[in-house]
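# Residue-level structure breakdown
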Amino acid sequence: MSFTDKVTVYSKKPLFNKEDFSITVGAKNKLSVVNYLDGYTIEIANPEIIKYEEGLVVGLKPGSSEIKVYLD
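Owing to the predicted nature of the structure, the values given are computational and were not obtained by experimental measurement. (Residues numbered from 1 in each chain as written. Predicted model: local features only at pLDDT ≥ 70, side-chain atom pairs only at ≥ 80, totals over all residues. Heavy atoms only, no water.)

Turning to the overall build of the protein chain, a few remarks are in order. In terms of regular secondary structure, the protein chain is built from zero helices and seven strands. Element order for the protein chain, N to C, with α for helix and β for strand: β-β-β-β-β-β-β. Expressed as a percentage of the 72 residues in the protein chain, the buried residues total 19%. Roughly 6,000 Å² of accessible area belongs to the protein chain as shown, and the carbon and sulfur atoms make up 50% of that amount. (Helix = DSSP H or I, 4+ residues; strand = E, 2+ residues; numbered from the N terminus. Buried < 20%, exposed > 50% of the residue type's maximum accessible area, 1.4 Å probe, protein only. Areas by Shrake-Rupley, 256 points an atom, 1.4 Å probe, with all protein chains shown as cover.)

This brings us to the pattern of salt bridges. If you walk through the whole model with that rule in mind, you get two salt bridges. The partner of Glu-48 in a salt bridge is Lys-61, with the nearest N and O atoms 3.5 Å apart. In this pair, Glu-48 is assigned in the loop between β4 (40-44) and β5 (50-53) and Lys-61 in the loop between β6 (56-59) and β7 (67-71), connecting sequence segments 13 residues apart. Classification of Glu-48 by relative accessible area gives exposed; the value is 53%. Between Lys-51 and Glu-53 there is a salt bridge; the shortest N-O distance is 3.6 Å. The class for Lys-51 is partly exposed, based on a relative accessible area of 35%. Owing to a relative accessible area of 36%, Glu-53 belongs among the partly exposed residues under this scheme. (Salt bridge = Lys/Arg side-chain N within 4 Å of Asp/Glu carboxyl O.)

Read across the sheet, three strands follow the order β2-β6-β5 without closing on themselves; strand pairing throughout is antiparallel. Looking at which strands have only one partner, the edges of the open sheet turn out to be β2 (28-30) and β5. Strand-to-strand twist across the sheet, computed as the mean angle between neighbouring axes with direction ignored, equals 25 degrees. Relative to β6, β2 runs antiparallel, the two sharing three bridges. (Pairing = 2+ DSSP bridges. Axes fitted to C-alpha atoms, helices over the stretch in contact; angles between N-to-C directions.)

In terms of strand pairing, β5 meets β6 through four bridges, oriented antiparallel. When the bridges of β6 are listed, Glu-53 appears paired with Leu-56. Between β5 and β6, which pair antiparallel one after the other, the connecting turn spans two residues, and Glu-54 there sits at a positive phi close to 50 degrees.

With that out of the way, let us pick up the environment of Lys-30. Mapped onto the elements of the fold, Lys-30 is located in strand β2. Each C-alpha atom, one on Lys-30 and one on Val-57, is 6.3 Å from the other, the two residues being 27 residues apart in sequence.

All we've got here are geometric facts, nothing functional implied.
This is how it looks when you write it as structure tokens:
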């Protein structure tokens, strides 16, 4: 008896570790970057909608925005 399994090989890159990313105004949601402890920058596309500080995303007003992570 034998079996076959699929193996995927990929370059190490930062990934967001999040469950749900719908938040209400004033709410805070933890945002973790996995695969990297440091050496990355977080960018918020629309800082009037959300802000990122100390590992938390804070909802400022209704709308949507992208969060990007860049390697330093």
